[in-house]
Amino acid sequence: YGQFYIESDTHTFSCGKSQMDLTLAFENLMDEKELVRCFYETLVSQNRLEELPRFLAEDCRFRSGERLLPMGISGMREHLLAVRKTYPDYTMRIIRQHLAGPYVISEFVMEGTHLGEFCGIAPSGRRLSFTGVDIDRVEGGRIVEHGGAVNTFDTLLAHGLIRGVTEQEGSL
């Protein structure tokens, strides 16, 4: 995904011995769309959470409507682990991406087996497929802001996991 390089080095000689101190830095070589695609299709899909610091800024924030909320790497880790509890084998596939300034808009398909409770819905054991859109702001080779939406309604309704309100039930 990138390369490490020597940012600084120091050579000292003491008592006839050489000592060297190195400072390594990491540079991401992917463009914004590649970075976001790799984040979802590799890191998220393969549950490689130890690699979160390579993709997310430590102070990454979550966008909810007009509000920006602190999330950070630990908040993203918690979110991804919670989704794994419901869909232990879930994967994400990017089907279309657009770049708008520092924002990467990704349309995706998420698939997984429903083996954990979700919003009060008991595990069904069914393989489910959801569509959604994520919007990530990338700066300095890292995601600094994340937001998006998953269309859970259509899938849950189609599989009988939720039901619509009939006219009779909806009338007062």
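Please refer to the structure higher up on the page.
A brief structural summary. All of these numbers come straight from a predicted model, not from anything done at the bench.

### Regarding the sheet that holds strand S3 (residues 56-64)
Alright, step 1. The six strands lie next to each other as S4-S3-S8-S7-S6-S5, forming an open sheet whose pairing is mixed. Each having just a single partner strand, strand S4 (67-70) and strand S5 (91-100) make up the two edges of the open sheet. Each neighbouring strand pair of the sheet contributes to a mean axis angle of 30°, computed without reference to strand direction.
Alright, step 2. Where strand S7 (residues 127-139) meets strand S8 (residues 142-151), nine bridges bridge the pair, whose relative direction is antiparallel. By the bridge assignment, glutamate 139 is partnered in S8 with arginine 142.
Alright, step 3. Sitting on the sheet, helix H1 (residues 32-44) touches S3, S5, strand S6 (103-113), S7 and S8, and the angle it makes with S5 is about 170°.
Alright, step 4. Each of S3, S4, S6 and S8 touches helix H3 (residues 72-86); the most contacted strand, S3, lies at about 65° to it.

### Here's the deal with the environment of glycine 112
Alright, step 1. Tracing the chain through its elements places glycine 112 in strand S6.
Alright, step 2. When its relative accessible area of 0% is taken as the criterion, glycine 112 is described as buried.
Alright, step 3. Considering only alpha carbons, one finds glycine 112 and serine 129, 17 residues apart in sequence, at a separation of 6.7 Å.
Alright, step 4. Once residues within four sequence positions are removed from consideration, glycine 112 is found in contact with Tyr87, Asp89, Tyr90, Arg126, Arg127 and Leu128.

### Details of the environment of proline 123
Alright, step 1. Checked against the element boundaries, proline 123 lands in the loop between S6 and S7.
Alright, step 2. Considered as a pair, proline 123 and leucine 161 are 38 residues apart in the sequence and their alpha carbons are 9.3 Å apart.
Alright, step 3. When neighbours within four sequence positions are excluded, proline 123 is seen to be in contact with His114, Leu115, Gly116 and Glu117.

### Overview of H1
Alright, step 1. Across its 13 residues, H1 extends 17 Å between first and last C-alpha, which sits within 8% of the 18 Å expected from 1.5 Å per residue.
Alright, step 2. A maximum bend of about 30° is found in H1 at cysteine 38.
Alright, step 3. Of all the positions in H1, only Leu35, Val36, Cys38, Phe39, Tyr40, Thr42, Leu43 and Val44 are classed as buried.
Alright, step 4. With a side-chain oxygen positioned 3.2 Å from the backbone nitrogen of lysine 33, the residue opening H1 is aspartate 31.

### Section: H3
Alright, step 1. Relative to the 21 Å expected for 15 residues at 1.5 Å per residue, H3 spans 22 Å between its end C-alpha atoms, a close match to the ideal helical length.
Alright, step 2. Next to the buried residues of H3 lie H1, helix H2 (52-55), S3, S4, S6 and S8.

### Describing the nonpolar core
Alright, step 1. Within the largest apolar cluster, 32 residues are counted, with the highest numbers of intra-cluster contacts made by Phe39, Leu52 and Leu56.
Alright, step 2. Contributions of two or more residues to this core are made by H1, H2, S3, H3, S5, S6 and S7.
Alright, step 3. For this core, the element with the most residues is H1, which contributes seven residues.
Alright, step 4. Not counting residues up to four positions away in its chain, the partners in contact with leucine 56 are Phe39, Gly72, Ile73, Met76, Arg142 and Ile143.

### A few points about the packing of aromatic side chains
Alright, step 1. Summed over the entire model, instances satisfying the criterion amount to three aromatic pairs.
Alright, step 2. When the ring of phenylalanine 39 is compared with that of tyrosine 40, the centres are 4.9 Å apart and the planes differ by 75°; the resulting orientation is edge-to-face.
Alright, step 3. By relative accessible area, which is 1% here, phenylalanine 39 ends up buried.
Alright, step 4. Here the aromatic rings of tyrosine 87 and phenylalanine 130 are separated by 5.7 Å at their centres, their planes lie at 70°, and the arrangement is edge-to-face. Of this pair, tyrosine 87 sits in the loop between H3 and S5 while phenylalanine 130 sits in strand S7, and the two are 43 residues apart along the sequence. Exposure class is identical for tyrosine 87 and phenylalanine 130. Each is buried.
Alright, step 5. Following the ring pairs from residue to residue traces out a cluster consisting of Phe39, Tyr40 and Phe55.

Thresholds, definitions, all that
- Residues numbered from 1 in each chain as written.
- Predicted model: local features only at pLDDT ≥ 70, side-chain atom pairs only at ≥ 80, totals over all residues.
- Heavy atoms only, no water.
- Pairing = 2+ DSSP bridges.
- Helix = DSSP H or I, 4+ residues; strand = E, 2+ residues; numbered from the N terminus.
- Axes fitted to C-alpha atoms, helices over the stretch in contact; angles between N-to-C directions.
- Contact = heavy atoms within 4.5 Å.
- Buried < 20%, exposed > 50% of the residue type's maximum accessible area, 1.4 Å probe, protein only.
- Expected span 1.5 Å × (residues − 1).
- Bend = angle between axes of the 7 residues up to and from the residue.
- Polar contact = N/O pair within 3.5 Å; in protein donor to acceptor, adjacent residues only side chain to side chain.
- Core = buried A, V, L, I, M, F, W, Y, C linked by side-chain atoms within 4.5 Å.
- Phe/Tyr/Trp six-rings, centres within 6.5 Å; stacked < 30°, edge-to-face > 60°.

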